[in-house]
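Fold and contact review
Each chain is listed here by its residues.
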Amino acid sequence: MKKSFLLQTVRQMNAGAVISGLGFLLYLGAAALGPESVRDGAALVFGLVSLYVFVSVAEGRRRDKEAVSYNLLWGQGALTLLLCMCAALALRP
């Protein structure tokens, strides 16, 4: 296995997807109950985390199509899209 900044194993990628999902739930909770700054901060932080995990999953899928499933790739892609759109809304004036 080469040294890389990206997640390498399927287990790491699955854990990253779970963290992204929990971040989206945290964002939804903050949007409903919390102040604007917490909501925007959660969207920005977890949007970046989700984007990092998506790039790792896409690279893992390119490297080994048998190990990384389409379910993980498409699920993480959808979650990344949602969180990045929320982060873009947080950045608008």
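For the structure, check the block above.
Below, the structure is looked at part by part. Residue numbers restart at each chain and count upward from 1, following the sequence in its written direction. Per-residue local features of the predicted model are confined to residues with pLDDT of at least 70, and side-chain atom pairs are confined, for both listing and counting, to 80 or more; whole-chain, interface and lining totals are unaffected and use all residues. Derived side-chain values reflect all non-hydrogen atoms in the structure, with water molecules and hydrogen atoms excluded from consideration.

The next point concerns the side chain of Arg-61. Per the convention used, a helix needs a DSSP run of H or I reaching at least four residues, while a strand needs a run of E reaching at least two, with both numbered from the N terminus. Tracing the chain through its elements places Arg-61 in helix 2 (residues 36–63). A simple rule labels every residue: compare its accessible area, found with a 1.4 Å probe on the protein chains alone, to the largest value its type can have, and call it buried under 20%, exposed over 50%, or partly exposed in between. Neither His nor the chain ends is counted toward charge; the positive residues are Lys and Arg and the negative residues Asp and Glu. Any carboxyl oxygen of Asp or Glu that lies within 4 Å of a side-chain nitrogen of Lys or Arg is treated as forming a salt bridge with it. An unpaired buried charge is present at Arg-61: no salt bridge exists, and Glu-66, the closest side chain of opposite charge, is 6.8 Å distant. Side-chain polar atoms of Arg-61 contact the backbone oxygen of Val-68, separated by 2.7 Å. Here Arg-61 is in contact with Val-68, Ser-69, Tyr-70 and Leu-73, once residues within four sequence places are set aside. Whenever a nitrogen or oxygen atom comes within 3.5 Å of another N or O atom, the pair is scored as a polar contact, on the condition that within protein one atom can donate a hydrogen and the other can accept it, and that pairs from neighbouring residues in sequence are kept only if both atoms are in side chains. Every residue pair with non-hydrogen atoms within 4.5 Å of one another is taken to be in contact.

Judged by nonpolar contacts, Phe-24, Tyr-27, Ala-42, Ala-43, Phe-46, Leu-79, Leu-83, Cys-86 and Ala-87 together constitute the single largest core of nine residues. Secondary-structure elements contributing two or more residues to this core are helix 1 (10–33), helix 2 and helix 3 (70–91). Here this core gets four residues from one element, more than from any other, and that element is helix 3. Excluding anything up to four places from it in sequence, Leu-79 contacts Ala-17, Ser-20, Gly-21, Phe-24 and Ser-50. Definition of nonpolar core: a set of buried residues of the types Ala, Val, Leu, Ile, Met, Phe, Trp, Tyr and Cys, connected through side-chain atoms within 4.5 Å. Counting residues in each nonpolar core, the second largest holds eight residues, with Leu-7, Ala-17, Val-53 and Val-68 among its members.

What follows deals with helix 3. Because an α-helix completes one turn every 3.6 residues, residues spaced three or four positions apart along the sequence face the same direction. Multiplying one less than the number of residues by 1.5 Å gives the expected span of a helix. With 22 residues, helix 3 should reach 32 Å at 1.5 Å per residue; the first-to-last C-alpha distance of 31 Å fits that figure. Where helix 3 is concerned, the buried positions are Leu-72, Leu-73, Gln-76, Leu-79, Thr-80, Leu-83, Cys-86, Ala-87 and Ala-90. The buried side chains of helix 3 occupy one side of the element, clustering within an arc of 165° when seen end-on. Opposite the buried face of helix 3, by more than 90 degrees, sit the exposed residues Trp-74, Leu-81 and Leu-89. Contact partners of the buried residues in helix 3: helix 1 and helix 2. The reported arc concerns the directions from the helix axis to the C-beta atoms and nothing else.

Side chains that differ in charge, positive against negative, can pair when their charged atoms come close. A complete count under the given rule lists three salt bridges for this structure. Here Asp-40 makes a salt bridge to Arg-39, at a shortest N to O gap of 3.2 Å. What makes Asp-40 buried here is its relative accessible area of 17%. Since its relative accessible area comes to 24%, Arg-39 is described here as partly exposed. Beyond isolated ion pairs, a larger network of salt bridges with shared partners links Glu-36, Arg-39 and Asp-40.

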